[in-house]
Amino acid sequence: MIRTGWKMANVRLSELDRDFYSSLIRQSDDQLRSLALTACQFAIQKVGLKYPAVNNALETLADRKPLDPSEVTELGILVKALDATQKELNDRVTLGRTSALGGRVAKSQARAANAVYLAASEDPLYAALEAVYEAYVATEDWPALKSALLDKNKK
């Protein structure tokens, strides 16, 4: 049985860049973990997200260790809080109470945090598919993200 998330992860990334997607799904588990980490680091750095839970998770993933359930829970709480902030800011934009910039920043930070959260998945392929896509949504810069991923994959 294919989970809905799997199907979405496959479709979204394959529609974004079919050649990259085709290459990604043929990578080893270690390469997939490395790509997921690179995508997360790229997004976090580009959007300027600074939270201890994110930094700790990135360090753990860089050490090729799984996150503790409490760390995953903490990341999930952070993503929900950032998503709520984004929704609130978007509502304020709609009412003319703030500029759209705040909503875009909140969206970018929420998606970057979600990339880290999803990179912690037990399944390396799912983790890579989701982390790469969320990093793209966070940064809206596929050419730069793809370049960083390809550079990392050459090493």
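The structure we're discussing is the one just above.
Rules used throughout
Positions within a chain are numbered from 1, following the residues in the order the chain's sequence is written. pLDDT decides what is reported in this predicted model: residues at 70 or higher carry local features, side-chain atom pairs at 80 or more are listed and counted, and totals for whole chains, interfaces and linings draw on all residues regardless. By convention in this description, side-chain values take in all heavy atoms of the structure and omit both hydrogens and water. Think of it this way: any DSSP run of H or I at least four residues long counts as a helix, any run of E at least two long counts as a strand, and we number them from the N terminus. Atoms counted for the radius of gyration: C-alpha only. Globule rule: 2.2 Å times the number of residues to the power 0.38. For every residue, the accessible area obtained with a 1.4 Å probe (protein chains only) is divided by the maximum for its type, and the residue is called buried under 20%, exposed over 50%, and partly exposed between those limits. Any two residues having at least one pair of non-hydrogen atoms within 4.5 Å are treated as being in contact. Note on areas: these come from Shrake-Rupley sampling with a 1.4 Å probe, and a residue is covered only by the protein chains present in the view. Charge counting treats Lys and Arg as positive and Asp and Glu as negative, with His and both chain ends excluded. For the purpose of locating charges, the reference atoms are NZ of Lys, CZ of Arg, CG of Asp and CD of Glu. The length a helix should cover is 1.5 Å for every residue beyond the first. Distance and chemistry together define a polar contact, namely a pair of N or O atoms within 3.5 Å, with one atom able to donate a hydrogen and the other to accept it when in protein, and with adjacent residues in sequence counting only for side-chain atoms on both sides. Each nonpolar core is a collection of buried residues, namely Ala, Val, Leu, Ile, Met, Phe, Trp, Tyr and Cys, held together in the definition by side-chain atoms within 4.5 Å.

Lay out the overall build of the chain with the relevant residues and their values.
Within the chain, the regular secondary structure consists of eight helices and zero strands. Its helices and strands taken in sequence order, the chain reads α-α-α-α-α-α-α-α from the N to the C terminus. On C-alpha atoms alone, the chain measures out to a radius of gyration of 15 Å, which is about the 15 Å that the 2.2 N^0.38 rule sets for 155 residues. For the chain, the proportion of its 155 residues judged to be buried stands at 45%. Counting only contacts in the chain whose residues sit at least 6 apart along the sequence, the fraction spanning at least 24 positions is 70%. Element-wise, carbon and sulfur atoms account for 51% of the exposed surface of the chain, whose accessible area totals about 8,700 Å². When the 21 positive and 20 negative side-chain charges of the chain are each reduced to one mean point, those points stand 4 Å apart.

Go over helix α7 (residues 124-139), please, and point to the residues and values.
Taking 1.5 Å per residue, 16 residues should reach 22 Å; α7 reaches 22 Å between its end C-alpha atoms and fits that length. Burial within α7 is extensive, with 15 of its 16 residues counted as buried. The distance from a side-chain oxygen at the start of α7 to the backbone nitrogen of L125 is 2.9 Å, and the residue carrying that oxygen is D123. Just beyond α7, the residue with positive phi is E140, at close to 55°.

An account of the nonpolar core is needed here, citing residue identities and associated values.
Side chains that are nonpolar tend, in soluble globular proteins, to be buried together. Ranked by size, the top nonpolar core spans 43 residues in total, and within it L13, L24, L49, V54, V116 and V132 carry the most contacts. Sorting the residues of this core by element identifies α1 (4-16), α2 (18-24), α3 (29-47), α4 (52-62), α5 (69-94), α6 (100-119), α7 and α8 (142-154) as the ones contributing at least two each. With 10 residues, the single largest contributor to this core is α3. Other than its neighbours up to four places away in sequence, L13 contacts F20, Y21, L24, L129, V132, Y133 and W142.

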